[in-house]
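# Commentary on secondary and tertiary structure
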Amino acid sequence: MTHEITLIPGDGIGPEVTEAVVRVLHVAGVRIDWDTQHAGVTSLERSGESLPRELLDSIARTHLALKGPVTTPIGQGFTSVNVGLRKALTLFANLRPVRSLPGVVTPFPGTDLLIVRENTEDLYAGLEHVVVPGVVESLKIITKEASTRIAHFAFDYAVRHRRARVTAIHKANIMKLGDGLFLDSVRSVARAHPAIVYDERIVDAVCMQLVMNPGRFDVLLLPNLYGDIVSDLCAGLVGGLGVVPGANLGEHTAVFEAVHGSAPDIAGQGVANPTALLMSALMMLDHLEESAAAATIRDALERVLSRGTDRTPDLGGTATTSDFTDAICREVEAAPAA
Ligand code: NAD
């Protein structure tokens, strides 16, 4: 079967890592009809829009996208394409598995965390205004509806994937109303799942506990902003942003993308690690029930990482993106047919 999938290369290292991933999927024999669409600076140059209608129409048709990172200008310029896309498509759940990989040496071997981040509201509502010169108000929106929806997602996922514990992360000691509503909503869902251990942590304390002993946590359930920050912290536990994948999920639509951004400091140098986007694509293949191809690619990736000879600089090696991709493709080609 041929799958029609929207491909958003993005900018910065986006085109480098998406090209690598498209190549691996092709070599693995997954039949995909890619509909390439542009967003952010690349589409602004072409069409004058950062989130063009054609892109949204493409995903409305395919219900599925693989997305490279898109730069968001800091303190000025267009609003975040990433936030806009998640809101426009109601991709309410951001799922980010954070796992140790074979051959990637870190102080925390065996780490296996799952971040579930609310993806549509909180301070990312983008509601800001100047009250008087020198005073800005940024509105943090928390609703019972979105908090309950993400809590259901986290607990249902935990049940389906045999995860033992869900930890809600908050700052309700200070934001008693907003984070308080998030917690109340999560607690009511937790009560319906007595088989899953449920606990709560204040966001600053959990950061310390995660970097000292991540093994005490399992599924982390967070509102949008804390989810964004804690994701990067957790990436640091397993080898960095080059190795952590993600999925933005809605009722009928899924956009798979790595946790990392456009990495302007290394863009164009051919040294970006495509592992995070490749692992996001593996989540996409699982979603498409292409599990045999996903398993072949996962094995190939793990063999290359374990061997250690073709690692990109973020993992301490000297390989380029294409050296690393070539090595994975060779392993895929050498794998016995499924
Ligand atoms: P970043 O994630 O782009 O980079 C942080 C650090 O990690 C950099 O040193 C970078 O070189 C390194 N890194 C990231 N991905 C890597 C990879 N695949 N291989 C090797 N090293 C990698 O974060 P930033 O620099 O804070 O953000 C840059 C831009 O990306 C900003 O405009 C930001 O808004 C945007 N961003 C986009 C997304 C997205 O599209 N989903 C996510 C996060 C940030």
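Before reading further, recall that the structure is shown in the block above.
Residues numbered from 1 in each chain as written. Predicted model: local features only at pLDDT ≥ 70, side-chain atom pairs only at ≥ 80, totals over all residues. Heavy atoms only, no water.

### Some details on the overall build of the protein
- In terms of helices and strands, the protein carries eleven helices and twelve strands.
- For 338 residues, the compact-globule estimate of 2.2 N^0.38 gives 20 Å, and the protein sits close to it at 20 Å.
- With the principal axes as the frame, the protein shows a C-alpha extent of 55 × 50 × 40 Å.
- Among the 338 residues that make up the protein, the fraction classed as buried is 53%.
- Here the contacts in the protein between residues at least 6 apart in sequence split such that 72% fall between residues at least 24 apart.
- For the protein, the accessible surface area stands at approximately 15,000 Å², while carbon and sulfur atoms represent 55% of it. (Helix = DSSP H or I, 4+ residues; strand = E, 2+ residues; numbered from the N terminus. Rg over C-alpha atoms; globule rule 2.2 N^0.38 Å. Buried < 20%, exposed > 50% of the residue type's maximum accessible area, 1.4 Å probe, protein only. Contact = heavy atoms within 4.5 Å. Areas by Shrake-Rupley, 256 points an atom, 1.4 Å probe, with all protein chains shown as cover.)

### Structural notes on the environment of Ala-258
- Relative to the elements of secondary structure, Ala-258 occurs in the loop between strand S12 (254–257) and helix H9 (275–287).
- Considering only alpha carbons, one finds Ala-258 and Met-279, 21 residues apart in sequence, at a separation of 8.0 Å.
- Dropping the residues within four chain positions of it, Ala-258 is found in contact with Lys-67, Val-244, Pro-245, Gly-246, Ala-276, Leu-277 and Ser-280.

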